[in-house]
Structures are given as structure tokens and as C-alpha cells.
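Observations on the three-dimensional arrangement
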Amino acid sequence: MPRIRQLDAVLVNQIAAGEVIERPGSALKEMLENAIDAGATQIYVEVEQGGVELIRVVDDGCGIVPDDLPLALSSHATSKVSSADDLEKIQTLGFRGEALASIGSVAQVLVQSRTREQEQGAQLACDGGKFSSIEVWNGRPGTRIEVRHLFYNLPARRKFLKTIPTEMGHLSEAVIRLALGFPHIGITLKHNDRDVYDIPPQSPLDDRITRFFGDEVGKKLIPVAAEQGPIKVSGFIADPAVNRGNNRLQYFFVNGRCIRDRTLQHALQDGMHGLLMVGRFGVGYLYLEMPPELVDVNVHPSKAEVRFRDSQVLHHLVRSAVRKALHGLPMHSTLTAPTSGSAGAWRLQTPPAPQRPLFPEPGRLEVGRQALPELPPPPRSFETTPIISMPAPMPVVQPEPAPEPVLSSYDGPRALQFHNSYLVVLDGEGMLIIDQHALHERILFEQLKDRMRDGQLEVQRLLVPEPVDLPAEQYALALAHQEHLAKLGLEIQPFGGASLLVSSYPAILKRARPAAMLRAAIEHLATAGEAPRVELLLDRLLATMACHAAVKAGDKLTPAEMDALLAQRHLCNDSHHCPHGRPTSLFFSKAELDKQFERT
Ligand code: ADP
Ligand code: MG
């Protein structure tokens, strides 16, 4: 057995560097954090060859006194905490006192610094952990740190570095996170003498987002603001029409520090639930401010994750802030034709804000709801029409009396149906194409939800309950969710073998066969995987049922039915997306058509 021995300091630092300094981007992140902690307002970053050759960070912060230079480059030496008490409420980005020491052990580092009070500054070099002597340096107040030849003494690590563009991506990301986390800071980034970013100090957050992520995101930002007790959330989300296949554009900052956090990501997604297609991720830049004792930042080597005292409170706050921000927003999807010569398919966009909404705001319509006169019964009715003339699908007893909302006869522009699937409506501003199924689905979904929330979800009892045979596991699943299903108006009982009896269904879903609706709901439960929160589960089941009961693509609609659908469209909170997040309509503005026909 080999004997145990104490490792020398350089090796200790190199081991520590393994955890914290993975690549040029992580070295830059640490250097930027130090500049912020030093109170800098302007930071210049220059890198060469993806940062492998050189990373130079110059700041106008408080500087380091000459005698402290060796300490700055030593491990477990920091000016930011001195007691366990301080650890409980960390207000700085750094606190471990090992970043510069780690970098110094795996690169050639030169630190030059001068405090405002000094006439002259000093400099110290550190080459793979070996210090030079301290020398005079005549620079401006602030700190200038150069890191050259990262991992020059660890060839194995160097081999793991990726291509210059990949490393450059990580370096840019470090700059982006800092510039978003501290919007008062001015920061520039140069790569091989070329300007990459030049963000002036104090430039507003939405400008920064636009610079970093382009107009597609920047033009679709929606402000978010909420607070609860000492915790504040602010920032922006993007219109859910702007979404991604991963969550990389979900940025969270806690007291300026950019972190990853599953609870917060989940809360953002949850807040956009119903507006995003399955598998798509919303875009957001959310800032949490809280007293430092409510968050433990000392849980992750590169401080990329934190632990919250109460993450449930944060989940709730973020989710409701996002919901609130999205509520009642005019969101039309518009269609852009491929420009001549481009092989691109039709592209979905939302129009530039601000835009006059095609339809009045939901709020205004709510008021008019009761006052409007009745609609004459259409020849064949379905659920969106307020008057029920179609016989119920099964023999029924009298449903519990529930007032149907009375609507005006629709006096907006008439729709034209084509392919028995789409409705086209003209308007002074342009042309709207509606997916009849998606819209009807949304209408039913909202009606169901509203009524369930108000405890007024009328159920239609079946005179003769309908038996439904199910595979064993679905049978068990249905009974396990008996209570949830009952909440949705689907009452079931065991009926021997693997059969269930359905004895009621929601009265507003008259189109659907109760048995088929139950099957769809159970199928959804079977594929939903782990049990989601009850509220979410009910939402999803409602969406499934609404989908099932809605008019289908291929159903011919009468003019009265089309009118009813359009009239009800106005009453929706979000008439622009079906409950699964697909758009219900596409809008061609006249201006857009003029452009496509090259009239402008
Ligand atoms: P930490 O940030 O955890 O304290 P670092 O190794 O990153 O540890 O830095 C060590 C110390 O060096 C800091 O505590 C700080 O006092 C000093 N320092 C590093 N960079 C700067 C800078 N840009 N301006 C002023 N002081 C700095
Ligand atoms: Mg630091």
C-alpha cells in the first residue's frame, strides 16, 4: 500500500481547477464576477483563439492593493467573507477565494491593478502556480487580468477543448449572462481584434436582449412583475409564439447571479401551459430579488445552482407572474408567404406590436355578456351555439338547470368555410383563417374550465348508464382517478369484470359520446406518465375532452354555426391557441399581402 502524503499547493489548485475551470468560458465567468464584486461599471473583454491563447479582462473597479496581489492568486484567500455568519448571507458573486488561484495554476496569468487612492499600481505574474516578484505598474485605477495559454501545463485538459467557435460560444454566453444580470454595466467583447459585443452602460434590459437574441425575441417581449413578501420577480418573457425546442433561452437571475434551476424552469413552463405545444419551451429572462439569507449560493462548485429556502413559494410566484403577464394579451398568429425564390415553407409569426386587435378585448365582452339578445336557433346546433336544439346523444333525464350564456346574434364579418375545415373571415385590416376544430376546442375548454372553477359544471345524467370495457390497467387507472373524473362531470362506477359504467358527462359537451370521451380521458391518463399536479391533470383532461367534443376538420358548418363560433371566439381569454398550444387562426394583414405582391 503506497503511503499517504500531503499534496503540494499547486497540485491542490490544479485539482480545484478541474472542478471550476472547465474551459476558457468558465475562467472568463470567474473574472467577470470578480469585476462586478469590485464595483466595476465598465468591463472590456478581449479574447484570442477562442480564449485559449488569451483572455483579457479590464475593469474600472476598486482595484487590489500591491501587498494583496499574491493573496488574490492564492487559494482560500478572499476579501468577501470572513466568518460563517457571512456565508449565511452572501451578497457578492464570489466567496470561495479559489478561482484566481485555480486559473493561475493552469495558465500564465498577469494581474495588474491599482486602487483609486494609489498613485501607482502594481503587477504580479503567476505561471502555472509560480509567482513572479511584485512590480510597479502604471495603469489606470481598476484591474487588468490576462490569462494566457490555458491548460498549457495540463495537455490532457487542453485536448478536451472544442473548436474555436464552440469555445467562443461559451465565452459569449458568459458575457451575455453578466450583461443581462447587471444591466447597469457596460461591457465589450472582442475576439481576435473583432468587435463581438459593445453594450453601453445603463442600456435597458430589453435592448440588451434584442442585441443578444435578435428581433425575433426582442420584439415580442412581455414585461413580468410580481412580488410576495420580500421576494420580487421582474423581467420579461417572450410571447409564447416565440418558442424553442430546448430551455436554453430561459434565463433566471437571483440577485443578479445567473443560475439554472428546475423549479423555476418548471414554473415558467407551467405559466405558459396551454400556449406552448407539447415539447416546446418558452423564452424568458426572469429576475428574482430576495434577501440573501433566503438563498444558499454555496451548493455548487461553479455557483451555477443555488438552493432556495422555500422553492414552492418561488414556483408559485413565478408561475402566477407569467400567467398574469400573458393574460388577455392580443396574440394573433400571422402567416408569411415564402418570398419568391426561397424554398421555405409557410412561416408562422405573430404581428409586430402594438396592433389593433381584430376582436374586442375579452374584458369588454364579459360586460356585454348578459345584456345581449338571444340568437335565433340555428338549423343544426352544436355546443358553441347558445341554444340547444340537437337531441342529447343518449336518453337523459332533465339536466340540472343551468343558465346558458345568452349571446347577441353575431353581427361581425361573415365567415366562409373551405375544405369543411377552415373559416375565412375578412376584416378591414386583412384576412383571418381559422382552424374550426382548434377554435372550437379552445372555446369548449375555456367554458369547461370557467364552470368547473365556479362550481357550475352542469352534468347531464344518462337515463341508462353506458358500460365501457377497458383493458385491466386502464380500468384500474380510471378507478384511481374516479374523483378527478367526477370533478370533470364524468361519473363512473365499477360494473363487473373490467367494465365501468359512465352515468354522467358535462352538459356542455353534447356532441361527444360519453363512453368515447371517457376512453379518451383514460388514454390520456395512461400516457401522462408520472402523476402531475391535480390542477394540471384536470386541465389536460379538460383539453382532451374538449378536443373530443369539438367540431372536427371535415365537418360542414351552417352559416349560423359559423356565426356562433365567431361570436364565441370573442369570449375566449385566449382565442389564439387551442388548449394544446396550436394556433387557432392565422392572420394575413393587408400590408403583408401588399408586400407579398410587391406593391410596396
Ligand atoms: P473570490 O472571488 O471568491 O473572493 P477569487 O479567486 O475570484 O476569489 O479572487 C480572489 C480575490 O482577489 C477576491 O476576493 C478579490 O479581493 C480579489 N480580486 C480578484 N479579481 C479582482 C478584480 N477584478 N478587482 C478587484 N479585486 C479582485
Ligand atoms: Mg471570484
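As a reminder, the structure under discussion sits directly above these lines.
Model, not experiment: these values are computed from the prediction. (Residues numbered from 1 in each chain as written. Chains lettered and ligands numbered in written order. Predicted model: local features only at pLDDT ≥ 70, side-chain atom pairs only at ≥ 80, totals over all residues. Heavy atoms only, no water.)

1. With respect to the site of ligand 1
Residues in close proximity to ligand 1 total 19 residues, the closest being Asn34, Thr78, Ser79, Lys80 and Gly97. Ala99 places a main-chain nitrogen or oxygen 3.2 Å from an oxygen atom of ligand 1. Within the backbone of Leu100, a nitrogen or oxygen atom sits 2.8 Å from an oxygen atom of ligand 1. For ligand 1, the accessible surface in isolation is 530 Å², of which the surrounding protein chains cover 93%. Elements represented by at least two residues in the shell around ligand 1 include exactly α2 (24–37) and α5 (99–106). (Near = heavy atom within 4 Å. Polar contact = N/O pair within 3.5 Å; in protein donor to acceptor, adjacent residues only side chain to side chain. Areas by Shrake-Rupley, 256 points an atom, 1.4 Å probe, with all protein chains shown as cover. Helix = DSSP H or I, 4+ residues; strand = E, 2+ residues; numbered from the N terminus.)

2. Let's talk about the packing of helix α7 (residues 164–181) against helix α8 (residues 205–218)
Taken N-terminus to C-terminus, the directions of α7 and α8 make an angle of 165°; their axes are 10 Å apart at the nearest point. Of the possible angle classes, the one that applies to α7 and α8 is roughly antiparallel. In terms of crossing hand, the pair formed by α7 and α8 is left-handed. Residues Ile176, Ala179 and Leu180 of α7 form the contact with α8, whose own contacting residues are Leu205, Arg208, Ile209, Phe212 and Phe213. Looking at the contact of α7 with α8, its residues break down into seven nonpolar, no polar and one charged. (Axes fitted to C-alpha atoms, helices over the stretch in contact; angles between N-to-C directions. Parallel < 35°, antiparallel > 145°, perpendicular 65-115°, else oblique. Left-handed = near helix turned anticlockwise from the far one by under 90°. Contact = heavy atoms within 4.5 Å. Nonpolar A, V, L, I, M, F, W, Y, C, P; charged D, E, K, R; others polar.)

3. Looking at the sheet that holds strand β12 (residues 250–254)
Spatially, β10-β11-β14-β12-β13 is the arrangement adopted by the five strands of the open sheet, whose pairing is mixed. Sheet topology places β10 (221–228) and β13 (257–259) at the edges, where each strand pairs with a single neighbour. Recorded for the sheet is a direction-independent mean angle of 20° between the axes of neighbouring strands. Of the pairings in the sheet, the one linking β12 to strand β14 (residues 284–289) comprises five bridges and is parallel in character. Considered in β14, the bridge of Phe252 is made with Leu286. Seen against the sheet, helix α10 (residues 311–326) touches β10, β11 (231–238) and β14 and runs at an angle of roughly 140° to β10. (Pairing = 2+ DSSP bridges.)

4. Some points on the sheet that holds strand β22 (residues 459–469)
Read from one edge to the other, the open sheet built from three strands follows the order β22-β24-β23, with strand pairing classed as antiparallel. Of all the strands in the sheet, the pair left with one neighbour each is β22 and β23 (491–494). Sheet twist, expressed as the mean angle between neighbouring strand axes with direction ignored, is 20°. In this sheet, strand β24 (residues 499–506) lies alongside β22 in antiparallel orientation, the contact comprising seven bridges. Residue Glu466 lies in a different strand from β24, and its bridge partner there is Val502. Relative to the sheet, helix α15 (residues 514–527) contacts β22, β23 and β24, its axis offset from that of β24 by approximately 105°.

5. A word on the packing of helix α12 (residues 436–453) against helix α16 (residues 534–549)
α16 packs onto α12 with a crossing angle of 135° between their chain directions and a minimal axis gap of 8 Å. Put simply, α12 runs oblique to α16. The handedness of the crossing between α12 and α16 is right-handed. Here α12 contributes His437, His440, Glu441, Leu444, Phe445, Leu448, Lys449 and Met452 to the contact with α16, which in turn contributes Leu538, Asp539, Leu542, Ala543, Ala546, Cys547 and Ala549. The residue inventory of the contact of α12 with α16, partitioned by class, reads ten nonpolar, two polar and three charged.

6. Focus on the nonpolar core
With 64 residues, the main nonpolar core has Leu32, Ile43, Leu180, Ile187, Phe213, Val217 and Tyr285 as its most contacted residues. Ignoring sequence-local partners within four residues, the contact set of Val217 consists of Ile209, Ala238, Val242, Arg244, Leu249, Val283 and Tyr285. By size, the runner-up hydrophobic cluster in this structure holds 34 residues, among which are Phe445, Leu448, Val468 and Ala515. (Core = buried A, V, L, I, M, F, W, Y, C linked by side-chain atoms within 4.5 Å. Buried < 20%, exposed > 50% of the residue type's maximum accessible area, 1.4 Å probe, protein only.)

7. Some thoughts on the pattern of salt bridges
Under the criterion given, the structure shown has 25 salt bridges. A salt bridge links Lys303 to Glu33; the nearest nitrogen and oxygen atoms lie 2.9 Å apart. Taken together, the residues span a long stretch of sequence, with Lys303 in the loop between β15 (295–296) and β16 (307–308) and Glu33 in helix α2 at a distance of 270 residues. Given the relative accessible area of 7%, Glu33 is considered buried. The salt bridge involving Arg56 is made with Glu146; its shortest N-O contact spans 2.9 Å. Of this pair, Arg56 sits in strand β2 (residues 54–59) while Glu146 sits in strand β7 (residues 142–148), placing them 90 residues apart in sequence. Overall, Arg56 belongs to the buried group, its relative accessible area being 13%. A relative accessible area of 9% places Glu146 in the buried class. The structure contains a network of salt bridges with shared partners spanning Glu46, Arg56, Arg144, Glu146 and Arg148. (Salt bridge = Lys/Arg side-chain N within 4 Å of Asp/Glu carboxyl O.)

8. Quick word on the environment of Asp296
Within the secondary structure layout, Asp296 lies in strand β15. Here Asp296 falls in the partly exposed class, since its relative accessible area comes to 30%. Sequence spacing of Asp296 and Lys89 is 207 residues, and the spatial spacing of their C-alpha atoms is 7.9 Å. Beyond its immediate stretch of four places on either side in the chain, Asp296 contacts Val306 and Arg307. For Asp296, the side chain forms a polar contact with the main-chain nitrogen of Asn298, separated by 2.9 Å.

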